[in-house]
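What follows is each chain in one-letter form.
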Amino acid sequence: MQTVAVLSLKGGVGKTTIALGLASAALRRGARTLVVDLDPQCNATATLDPDDTKATLADVLETPRPAVLRDAIARSGWGEEVDVLVGSESLELLNDQDPDPRRLENLSRALRELGPLLEDDQLPYQLVLLDCPPSLGRLTRSALMAAHGALLVTEPTLFAVSGAQRAFEAVERMREEHNPDLSPLGVVVNRVRPQSYEHQYRIAELREHFGRLVMPVALPDRLAVQQAQGACVPIHQWGTPGAREVSLALNLLLARVLRTSGRGRHRTESWPDTDSDSANSSADENEGDNDRNVVVDN
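Residues numbered from 1 in each chain as written. Predicted model: local features only at pLDDT ≥ 70, side-chain atom pairs only at ≥ 80, totals over all residues. Heavy atoms only, no water.

> Would you mind showing me how to read the nonpolar core here?
In a soluble, globular protein the nonpolar side chains are often hidden away together inside. The biggest cluster of nonpolar side chains holds 53 residues, and the ones touching the most others in it are Leu7, Val36, Leu38, Leu57, Leu85 and Leu130. In terms of residue count, the dominant contributor to this core is helix H9 (residues 158-177) (six residues). The next biggest cluster of nonpolar side chains, apart from the first, holds 41 residues, and it includes Ala31, Ala44, Val225 and Leu250. (Core = buried A, V, L, I, M, F, W, Y, C linked by side-chain atoms within 4.5 Å. Buried < 20%, exposed > 50% of the residue type's maximum accessible area, 1.4 Å probe, protein only. Helix = DSSP H or I, 4+ residues; strand = E, 2+ residues; numbered from the N terminus.)

Given below as structure tokens:
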């Protein structure tokens, strides 16, 4: 099971969009996925449209017991292979900036119970995506305690680049002080307009700061993303040219994330060959021309 924290320390950069896009790409691949909605805005929960639950993530963080965890997980409206650990506005009350270190471990304790909770006919989760709020309080720190890898999200704008730098520093501090298994998986640039000089300048700035951590795949700025989210539909199922372009980028991003996280002690043997599948996706969807718009040359 790969556990990936998706974070930024600046709001509005599309962090939840990336988390949902990766869930959509994993669904397309047939990999069972759990989305953990740590953001008190609960946008991931709303888009995944799960049934009502008896408990929420707020209850799990206060009482990380198997029964509470079971009551807080629901099947999403996307299908049986994507589940949600549902968020709640009351999470904001738990997001203190100087939390007790022991409380930071509650999410990790809860996620360790995922396996024993499964029924005999259920497949294990292959991917757990932690959608973090845009702040470095208890919620984001709890995610970094529980994660194997951290994916940093930014836009190609001045303040978003600064937020990515702060997020990277937070990941490094958490790795050094609390979670030695945590590693930065990369920086993904969202909402790119390839013809924008400002965007290209900021991408070059990101490369200067982060080097090869900048993902070679960037997400293009397409209206289809907002349309699919508004309809509570996976981006891979939206079907417009813009959606297909974004979906191709997400397939490549998922492959890169899994390949990077697979270099550590948490291996990914249970996943199909991501590189060949991405190549097949490109051929199947006839997106060769669009690929130039979403791949950032190293």
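Having seen the model, we can carry on.
> Would you mind showing me how to read unusual backbone geometry here?
The bulk of non-glycine residues show a negative phi, and the bulk of peptide bonds are trans. For Arg191, which is not glycine, the phi torsion reads 60 degrees and is therefore positive. Here Arg191 lies in the loop between strand E7 (183-189) and helix H10 (197-210).

> How should helix H8 (residues 138-146) be read in this particular structure?
The α-helix advances 3.6 residues per turn, and as a result positions three or four apart in sequence lie on the same side. Most of H8 sits out of view: eight of its nine residues are buried. Every buried residue belonging to H8 is among Arg138, Leu139, Thr140, Ser142, Ala143, Leu144, Met145 and Ala146, and all of these are buried.

> Which parts of the structure should I look at to understand the environment of Pro116?
Positionally, Pro116 belongs in helix H7 (residues 114-117). Accessibility expressed as a relative area gives 63% for Pro116, which makes it exposed. Expressed as a C-alpha distance, the spacing of Pro116 and Pro66, which sit 50 residues apart in the sequence, is 8.5 Å.

> Please clarify how the pattern of salt bridges should be interpreted in this entry.
The tally for this structure, following the rule as stated, stands at 13 salt bridges. For Arg138, the salt bridge identified is with Glu62, shortest N-O distance 3.3 Å. Here the residue Arg138 occupies a position in helix H8, and Glu62 occupies one in helix H3 (residues 57-62), the gap between them amounting to 76 residues. The class of Arg138 is buried, set by a relative accessible area of 0%. (Salt bridge = Lys/Arg side-chain N within 4 Å of Asp/Glu carboxyl O.)

> What should I look at first to understand the sheet that holds strand E2 (residues 33-37) in this one?
Within a sheet, each strand pairs with its neighbour through backbone hydrogen bonds, oriented either parallel or antiparallel. Overall, mixed pairing links the seven strands, which are arranged E3-E4-E2-E5-E1-E6-E7 in an open sheet. Edge positions in the sheet fall to strand E3 (73-76) and E7, since each has one partner strand and no second. Adjacent strand axes in the sheet meet at a mean angle of 25 degrees when their direction is disregarded. Bridge analysis of strand E1 (residues 2-7) against strand E5 (residues 127-131) gives five bridges, and the strand direction is parallel. Bridging from a neighbouring strand, Val4 pairs with Leu129 of E5. (Pairing = 2+ DSSP bridges. Axes fitted to C-alpha atoms, helices over the stretch in contact; angles between N-to-C directions.)

Honestly, it's all geometry; don't read function into it.
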